[in-house]
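For reference, the chains in residue letters:
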Amino acid sequence: PVILSLTPANSSFDVSVPMTVSCVLATGPEHAALNTSTCFLTMDGVLQSGVVFTSSGFTFQPSGALTMDGPHTMRVFVRNVFNLSTLSISNFTRDTTPPVITPSNFLNGGSVTPGNPLIWSITDASTSVTDAVVRFDGGAFVSLTSQGGNLYAYAGLSYGPHTYEVRATDVLGHTRLHPGSFIV
């Protein structure tokens, strides 16, 4: 048997809701019929029941922990009636959510020491953050400075009360806006 494609493909990102995995098999007179009792799908090492293999492949909707954001491994094993088999593996990353933004060195609504930068932790469960910007008091968005890892900073605010909005976007375009306030 020949596995033509797996979805999600190897090294890809999956954003489908609900999550759907599929396999396309080569068909035609030159391909022997499957021995469907010896075909299987595993997701993250767990054998999936309820998968119906046909001569052209399958489509299946996993549930529970298998649909959570993060890295996943799908293995498809098929065997034909002549006992010839094929194994195909797809390692993919599921990402359906925007980054999480959290003030790191100050409390929302609290006081900030003059001269100290404001630092936010910006994380994404599955991919990387590609854009992190902030605006103060309704002004224009400006880039935050990466502090390495998942920390981003801004320095140079005047004394007094301020409002802010931090906007972060991950590699797949998921965006989150996090508003808050503080006093310098």
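Anything mentioned here points back to the structure above.
Residues numbered from 1 in each chain as written. Predicted model: local features only at pLDDT ≥ 70, side-chain atom pairs only at ≥ 80, totals over all residues. Heavy atoms only, no water.

Asker: Which residues make up the overall build of the protein chain, and what values go with them?
Answerer: In terms of helices and strands, the protein chain carries zero helices and 16 strands. Expected size for 184 residues packed as a compact globule is a radius of gyration near 16 Å; at 24 Å, the protein chain overshoots this value by more than 25%. A principal-axis box enclosing the C-alpha atoms of the protein chain has dimensions of 80 × 25 × 25 Å. When each of the 184 residues of the protein chain is scored for burial, the buried share is 39%. For the protein chain, restricting intrachain contacts to residue pairs at least 6 apart in sequence, the fraction spanning at least 24 positions comes to 60%. (Helix = DSSP H or I, 4+ residues; strand = E, 2+ residues; numbered from the N terminus. Rg over C-alpha atoms; globule rule 2.2 N^0.38 Å. Buried < 20%, exposed > 50% of the residue type's maximum accessible area, 1.4 Å probe, protein only. Contact = heavy atoms within 4.5 Å.)

Asker: Which residues make up a nonpolar patch on the surface, and what values go with them?
Answerer: Among the surface-exposed residues, Phe-13, Val-15, Val-171 and Leu-172 lie close enough to one another that they form a single nonpolar patch of about 310 Å² accessible area. Accessibility expressed as a relative area gives 44% for Val-15, which makes it partly exposed. (Patch = residues over 30% accessible without salt bridge, like charges linked within 9 Å, V, L, I, M, F, W, Y side chains within 5 Å. Areas by Shrake-Rupley, 256 points an atom, 1.4 Å probe, with all protein chains shown as cover. Salt bridge = Lys/Arg side-chain N within 4 Å of Asp/Glu carboxyl O.)

Asker: Break down the nonpolar core for me, with residues and values.
Answerer: Val-21, Leu-41, Met-43, Phe-58, Met-74, Val-76 and Val-78 are the most contacted members of the largest nonpolar core, which has 19 residues in total. Secondary structure elements with two or more residues in this core: strand S1 (3-7), strand S3 (21-25), strand S4 (40-43), strand S6 (57-60) and strand S7 (70-79). Those residues in contact with Met-43, other than ones at most four positions away along the chain, are Met-19, Val-21, Gln-48, Pro-62, Leu-66, Thr-73, Met-74 and Phe-92. One finds Phe-106, Val-129, Val-134 and Tyr-152 within the second-largest nonpolar core, a separate group that totals 17 residues. (Core = buried A, V, L, I, M, F, W, Y, C linked by side-chain atoms within 4.5 Å.)

Asker: Mind laying out the sheet that holds strand S14 (residues 151-154), listing which residues take part and the relevant values?
Answerer: Across the sheet, which stays open at both edges, the four strands sit in the order S9-S10-S14-S13 with antiparallel pairing between neighbours. What marks the edges here is a single partner per strand, and that holds for strand S9 (100-103) and strand S13 (145-146). The pairing of strand S10 (residues 118-123) with S14 spans four bridges and is classified as antiparallel. Looking across to S14, one finds that Trp-120 is bridged to Tyr-152. (Pairing = 2+ DSSP bridges.)

Asker: Quick one: what's the story with the packing of aromatic side chains, residue by residue and with numbers?
Answerer: Counting across every chain of the model gives nine aromatic pairs. A centroid spacing of 5.9 Å and a plane angle of 80° characterise the contact between Phe-106 and Tyr-164, whose relative ring orientation is edge-to-face. Placement of Phe-106 in the loop between S9 and S10 and of Tyr-164 in strand S15 (residues 161-170) is noted, with a sequence separation of 58 residues between them. The exposure class assigned to Phe-106 is buried, which follows from its relative accessible area of 7%. Residue Tyr-164 is classed as buried on the basis of its relative accessible area of 2%. Summarising the aromatic geometry, the rings of Phe-106 and Phe-182 are spaced 5.8 Å apart at their centres and angled 65° between planes, so their arrangement reads as edge-to-face. Separated by 76 residues along the polypeptide, Phe-106 in the loop between S9 and S10 and Phe-182 in strand S16 (residues 175-183) bring together distant segments of the chain. Among the aromatic side chains, those forming a connected cluster through ring pairs are Phe-106, Trp-120, Phe-136, Tyr-154, Tyr-164 and Phe-182. The side chain of Arg-167 reaches across the aromatic face of Phe-141, ending 4.3 Å from its centre. (Phe/Tyr/Trp six-rings, centres within 6.5 Å; stacked < 30°, edge-to-face > 60°. Lys NZ or Arg CZ within 6 Å of the ring centre and 35° of its normal.)

Asker: How would you summarise the sheet that holds strand S12 (residues 142-143) if you had to cite specific residues and measurements?
Answerer: If you trace the four strands from one edge of the open sheet to the other, you get S12-S11-S15-S16, paired in antiparallel fashion. Only two strands of the sheet have a single neighbouring strand rather than two, namely S12 and S16. Summarising the sheet, strand S11 (residues 129-136) and S15 pair through seven bridges and their orientation is antiparallel. Opposite Phe-136, over in S15, you have Tyr-164 as the bridge partner.

Asker: How would you sum up the environment of Leu-144? Please name residues and give values.
Answerer: Note on placement: Leu-144 falls in the loop between S12 and S13. Put simply, Leu-144 and Trp-120 are 24 residues apart on the chain and 9.2 Å apart in space, counted from C-alpha to C-alpha.

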